[in-house]
Amino acid sequence: MKVLVVNCGSSSIKYQVVDMTDESVLAVGLVDRVGIPGTTLKHEPIGKDEVLIKKDMPDHTAGMKLVLEVLINEEYGVLKSMDEIGAAGHRVVHGGEGFAESVIITDEVKKVIKDCFDIAPLHNPPNLMGIEACQELMSNIPHVAVFDTAFHQTMGPANYMYALPYEVYEKYRVRRYGFHGTSHFYVSHRAAEMLGKPFEECKIITLHLGNGASMAAVKGGKVVDTSMGFTPLEGLVMGTRSGDIDPAIVFFLMEKLGMDASEANSYFNKKSGMLGLSGVSNDLRDVLEAAASGNERAQIALDVYYNKLKGYIGNYMAKLNGCDCLVFTAGVGENAIDIRENVCADLDYLGIKMDVAKNKVRGKEVDVATEDSKVRIFIIPTNEELVIARDTYNLAK
Ligand code: ADP
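Residues numbered from 1 in each chain as written. Predicted model: local features only at pLDDT ≥ 70, side-chain atom pairs only at ≥ 80, totals over all residues. Heavy atoms only, no water.

K.L.:
I would appreciate a short explanation of the overall build of the chain in the present structure.
P.N.:
Along its length, the chain carries 14 helices and 14 strands. In terms of C-alpha radius of gyration, the chain reaches 21 Å, essentially the compact-globule figure of 21 Å for 397 residues. In terms of principal-axis extent, the alpha carbons of the chain reach across some 60 × 55 × 45 Å. Relative to its 397 residues, the chain shows a buried fraction of 50%. Of the contacts formed within the chain by residues at least 6 apart in sequence, a portion of 60% connects residues at least 24 apart. For the chain, the exposed surface amounts to about 18300 Å²; the carbon and sulfur share of it is 51%. With 41 positive and 54 negative side-chain charges, the chain shows a spacing of 2 Å between the two charge centroids. (Helix = DSSP H or I, 4+ residues; strand = E, 2+ residues; numbered from the N terminus. Rg over C-alpha atoms; globule rule 2.2 N^0.38 Å. Buried < 20%, exposed > 50% of the residue type's maximum accessible area, 1.4 Å probe, protein only. Contact = heavy atoms within 4.5 Å. Areas by Shrake-Rupley, 256 points an atom, 1.4 Å probe, with all protein chains shown as cover. Lys, Arg positive; Asp, Glu negative; His and termini not counted. Charge placed at Lys NZ, Arg CZ, Asp CG, Glu CD.)

Quick look at the structure:
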């Protein structure tokens, strides 16, 4: 069976076609600027030249229709007909408390996705738009939802409850959910394979460090804790998100800067983090470069970034009572040699010792701990699409 993996953002559609007989990827692509003048479709049939199509797309249905046309195109397509697609898997950011696993999409499931619009206003509406566009165009196949929150639903109340009046949990479901779950799931399972132990017997700390960033502590096959909370704003310092701060700063700055709630939301999500602190960029490559050429604010931003990560490693070591391995993944985790080295420096008391020569590597699955390190340090490129394709295949067959 071939599976179409779809990830819809507010103005983008990312897709992959995966052949489940050997899990090979046949094509990857991205439609950008959906609903905005200047839509482009970048399509890469694996092993052939990339194709760029410029054609305005008013909405996700039009964008998806173009994707399906491209997939069966005689010249650069990868399918003879759409009948070869046996199922479609959709990334959905928020499944609330409803889903601890992937599910076949029914009207009931769509209602739960819609019920989460309130708590995931930027992500769930475009996710649902993508699902409905695909269902309209491919009504004869099963569609599966794979939730970013699902893996973290294995967390217990000790880590998902906030110390707020209990009724806000009962009434509004204010609690910690966690995100990037599909990535934490994939890399923690790969880590168990690299450790050569059953997943259920491992204690693993995963660091998904991209523009958005989160960590998870995994034990006994379950998430014990994760750094993102009610929304992706909580936790680590990110490209443009503040991560953990004293919540009183929000009221203080709303008053001082005359912001309303929506402006404050944007301030802490889009103008803070490495961008706000360094004044250079949200991209860590730029911040590293600026710091290396003497920019003091960039160096402070990096020090705050490392410090927060070290703090979470210590926190999770305590919650897990030690761990077998740390796993670095996503754009920063897979590629940023200096960042990994600085995060792991001076953690030998916790049994974490990096071999800095081995660490000089990008985007490869490798153990970069010293021989005598009690804790292994893995770099594992994430593959959320493969998890989506596998779950979709397993539910559809
Ligand atoms: P997201 O999916 O959250 O947008 P990614 O996981 O693709 O992010 O990561 C993108 C980020 O990875 C970039 O913003 C950049 O900061 C970082 N990055 C990529 N390569 C490097 C590198 N060689 N050194 C430092 N940072 C890097």
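Text resumes after the structure shown.
K.L.:
I keep staring at the sheet that holds strand β6 (residues 85-92) and nothing clicks. Help me out?
P.N.:
Backbone hydrogen bonds hold the strands of a sheet together, and the pairing may be parallel or antiparallel. The strand order β5-β4-β3-β2-β1-β6-β8-β7 describes an open sheet built from eight strands, whose pairing is mixed. Because the sheet does not close on itself, it has two edges, and the strands there are β5 (51-54) and β7 (103-104). Sheet topology note: the strand β4 (residues 40-45)/β5 ladder contains four bridges and is antiparallel. Along β5, the bridge assignment pairs Leu-41 with Ile-53. In the packing of helix α14 (residues 384-396) onto the sheet, the strands contacted are β1 (2-8), β2 (12-19), β6, β7 and β8 (143-147), and the crossing angle to β6 comes to about 130°. (Pairing = 2+ DSSP bridges. Axes fitted to C-alpha atoms, helices over the stretch in contact; angles between N-to-C directions.)

K.L.:
Would you explain the pairing of β1 in this entry?
P.N.:
Both faces of the sheet carry side chains from a regular strand, because those side chains alternate between them. The element β1 is extensively covered by neighbouring structure, given that seven of its seven residues are classed as buried. As judged from the five bridges shared by β1 and β6, these two strands associate in the parallel manner. Bridge pairing links Leu-4 to Ala-88 in β6. With seven bridges joining them, β1 and β2 adopt antiparallel strand pairing.

K.L.:
How should I be thinking about helix α11 (residues 296-320) in this particular structure?
P.N.:
In an α-helix, one full turn covers 3.6 residues, which means residues spaced three or four apart are oriented alike. Its 25 residues place the ends of α11 36 Å apart at the C-alpha level, agreeing with the 36 Å of an ideal helix rising 1.5 Å per residue. Turning to α11, its buried residues number three or more, namely Ala-298, Ala-301, Leu-302, Tyr-305, Tyr-306, Leu-309, Tyr-312, Ile-313, Tyr-316, Met-317 and Leu-320. Backbone nitrogen of Arg-297 and a side-chain oxygen of the N-cap are separated by 3.0 Å at the start of α11; the cap is Asn-295. Taken from the residues just after α11, Asn-321 is the one with a positive phi, measuring 55°. (Expected span 1.5 Å × (residues − 1). Polar contact = N/O pair within 3.5 Å; in protein donor to acceptor, adjacent residues only side chain to side chain.)

K.L.:
Help me understand the packing of α11 against helix α13 (residues 337-344), please; the structure alone is not making it clear to me.
P.N.:
The angle between the axes and the distance between the axes are what describe a pair of packed helices. Viewed as axis vectors pointing N to C, α11 and α13 meet at an angle of 55°, and their least axial separation amounts to 9 Å. With respect to their mutual orientation, α11 and α13 come out oblique. By crossing handedness, the relation of α11 to α13 is classed as right-handed. Across from Leu-302, Tyr-305, Tyr-306, Leu-309, Lys-310 and Ile-313 in α11, the residues of α13 making contact are Asp-338, Ile-339, Asn-342, Val-343 and Cys-344. Of the residues that constitute the contact of α11 with α13, the class distribution is eight nonpolar, one polar and two charged. (Parallel < 35°, antiparallel > 145°, perpendicular 65-115°, else oblique. Left-handed = near helix turned anticlockwise from the far one by under 90°. Nonpolar A, V, L, I, M, F, W, Y, C, P; charged D, E, K, R; others polar.)

K.L.:
Is there a simple way to explain the site of the ligand in this structure?
P.N.:
Taken together, Gly-210, Asn-211, Gly-212, Asp-283, Leu-284, Arg-285, Ala-330, Gly-331, Val-332, Asn-335, Ala-336 and Arg-362 make up the full set of residues adjacent to the ligand. Asn-211 is positioned such that a nitrogen or oxygen atom in its backbone is 3.1 Å from an oxygen atom of the ligand. In the environment of the ligand, a nitrogen atom lies 3.2 Å from a nitrogen or oxygen atom belonging to the side chain of Arg-362. In isolation the ligand exposes 580 Å². Once the protein is present, 68% of that is buried. Per-element tally for the shell around the ligand: the top contributor is helix α12 (residues 330-335), with four residues. In the shell around the ligand, the residues fall into four nonpolar, five polar and three charged. (Near = heavy atom within 4 Å.)

K.L.:
Explanation requested: the environment of Met-254 in the structure shown.
P.N.:
Its location among the elements puts Met-254 in helix α7 (residues 248-256). According to the relative accessible area criterion, Met-254 is partly exposed, its value standing at 26%. Separated by 111 residues in sequence, Met-254 and Glu-365 place their C-alpha atoms 45 Å apart. Those residues in contact with Met-254 that sit more than four places away from it in its chain are Met-259, Asp-260, Ala-261 and Ala-264.

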